[in-house]
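Chain by chain, the residues run as shown.
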Amino acid sequence: METFISPNFTSGSATNAFPLISPPLLSPCRRRLAVVKASVAAVEKKVAIIRIGTRGSPLALAQAYETRDKLMASSSELAEEGAIEIVVIKTTGDKILSQPLADIGGKGLFTKEIDEALLNSEIDIAVHSMKDVPTYLPEKTILPCNLLREDVRDAFISLKATSLADLQAGSIVGTASLRRKSQLLHRYPSLSVLENFRGNVQTRLKKLNDGVVEATLLALAGLKRLNMTEYVSSILPIDDMLPAVAQGAIGIACRSDDDKMASYVAKLNHEETRLAVACERAFLLTLDGSCRTPIAGYACRDEDGNCLFRGLVASPDGTKVLETSRKGLYAYEDMVLMGKDAGEELLSRAGPGFFDG
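Just so you know, these numbers come straight off a predicted model, no measurement behind them. (Residues numbered from 1 in each chain as written. Predicted model: local features only at pLDDT ≥ 70, side-chain atom pairs only at ≥ 80, totals over all residues. Heavy atoms only, no water.)

1. Details of the sheet that holds strand 13 (residues 321-328)
Argument step 1. On the basis of which strands lie adjacent, the open sheet formed by three strands has the order 11-12-13 and antiparallel pairing. Two strands bound the open sheet, and with one partner strand each, they are strand 11 (295-301) and strand 13. Taken over all neighbouring pairs, the strand axes of this sheet differ in orientation by 10° on average, direction set aside.
Argument step 2. By the bridge criterion, eight bridges tie strand 12 (residues 307-314) to strand 13 in an arrangement that is antiparallel. Looking across to strand 13, one finds that Val313 is bridged to Leu322.
Argument step 3. Along the sheet, helix 9 (residues 271-287) contacts strand 11 and strand 12; its crossing angle with strand 11, the most-contacted strand, is approximately 150°.
Argument step 4. On the sheet, helix 10 (residues 332-350) packs against strand 12 and strand 13 and is oriented at approximately 155° with respect to strand 13. (Pairing = 2+ DSSP bridges. Helix = DSSP H or I, 4+ residues; strand = E, 2+ residues; numbered from the N terminus. Axes fitted to C-alpha atoms, helices over the stretch in contact; angles between N-to-C directions. Contact = heavy atoms within 4.5 Å.)

This is the structure:
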């Protein structure tokens, strides 16, 4: 039986039958027990209700924090300290920066490891840039939520010119995107493109500042989320540079059997964005687009409230560009059919070997 010593114990309260023992003279073992028992409640860490999985780039973290803030605003229990944890996961696309994306697998390079963590219950939800998400989701996962879409346009950034048109012939533009390269060379064949211009936003801006290239093109959405729009020289009109499928959209995935998480993220869904992304991804799926394929697609609501979809495919060197458009009801089934039909048209017009040029 353990003997507990009152904190009020004094020498005057002891009898001659027992030797006087003061707290500092407790055995090391008993002293450790006392400390543990006294401090368990104080140091016990709150278990997070939601663990958010994300890449570790500044932009990916900005998107994860945006998601966290929206979740906290949507539920009082999630607003409590420690209720939401952000888990950083390094993906294949983050690890290998020396090769073009197409050469190391193309699809799923920025999502695979995050999806695996989700399926292994190491995280509860995954936050993705939708343009990185393959058209086929992993089994046992769903993507029920898209946040309000940011500006879909591309930004031109240069220390020497205010626009692509102002660049001198032979100027080098850095971009790892075949979509940007093909559209740029189609309009400005006198320019050169440095491919595999990869890295996060900060890395690419440093390369520009170091004189590796004369200019670069970046998604305006990312610059806005990072509060870095002061670097923008000009914004490219959509007519000049059709955006990537799902550019500017954030998607939140969870396990298909996790009703609790699905309920949390459903509160954040922006339906107009979700429908536009579904239309564009149906177009991409029909074309079976990869990182070797210059494809662009954009769906939006027009002034009449209908859906206007524009799609484009190009040869990698920009010598051939095919475009199409569709207009219809701004409703899920109609928009998915529009995207699919537009993709089938361009596949037929392109013919075999189109993307090899």
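2. So, the confidence of the model for the chain
Argument step 1. Per-residue confidence for the chain averages 86 on the pLDDT scale, and 81% of its residues sit at or above 70.
Argument step 2. The low-confidence segment residues 1-26 (pLDDT under 50) makes 12 contacts with residues lying over four places distant or belonging to another chain.
Argument step 3. Here residues 33-43 is modelled with pLDDT under 50, and outside its nearest four sequence neighbours on either side it reaches one contact, counting other chains as well. (pLDDT = per-residue confidence, 0-100.)

3. Some remarks on the packing of aromatic side chains
Argument step 1. By the definition in use, this model includes one aromatic pair.
Argument step 2. Here the guanidinium or amino end of Lys207 rests over the ring plane of Phe197, the centre of that ring lying 5.3 Å away. (Phe/Tyr/Trp six-rings, centres within 6.5 Å; stacked < 30°, edge-to-face > 60°. Lys NZ or Arg CZ within 6 Å of the ring centre and 35° of its normal.)

4. Looking at the sheet that holds strand 5 (residues 154-158)
Argument step 1. Taken in spatial order, the five strands of this open sheet run 7-6-8-5-9, and their pairing is mixed. The sheet is open, and its two borders are formed by strand 7 (192-194) and strand 9 (234-235), each paired with just one other strand.
Argument step 2. Bridge count for strand 6 (residues 172-174) against strand 7 is three bridges, and the pairing is parallel. Bridge assignment links Gly174 to a residue of strand 7, and that residue is Leu194.
Argument step 3. The strands touched by helix 5 (residues 178-187) are strand 5, strand 6, strand 7 and strand 8 (215-219); relative to strand 8, the strand with the most contacts, the crossing angle is about 130°.
Argument step 4. Against the sheet, helix 6 (residues 201-209) touches strand 5 and strand 8, its axis set at about 165° to strand 8.

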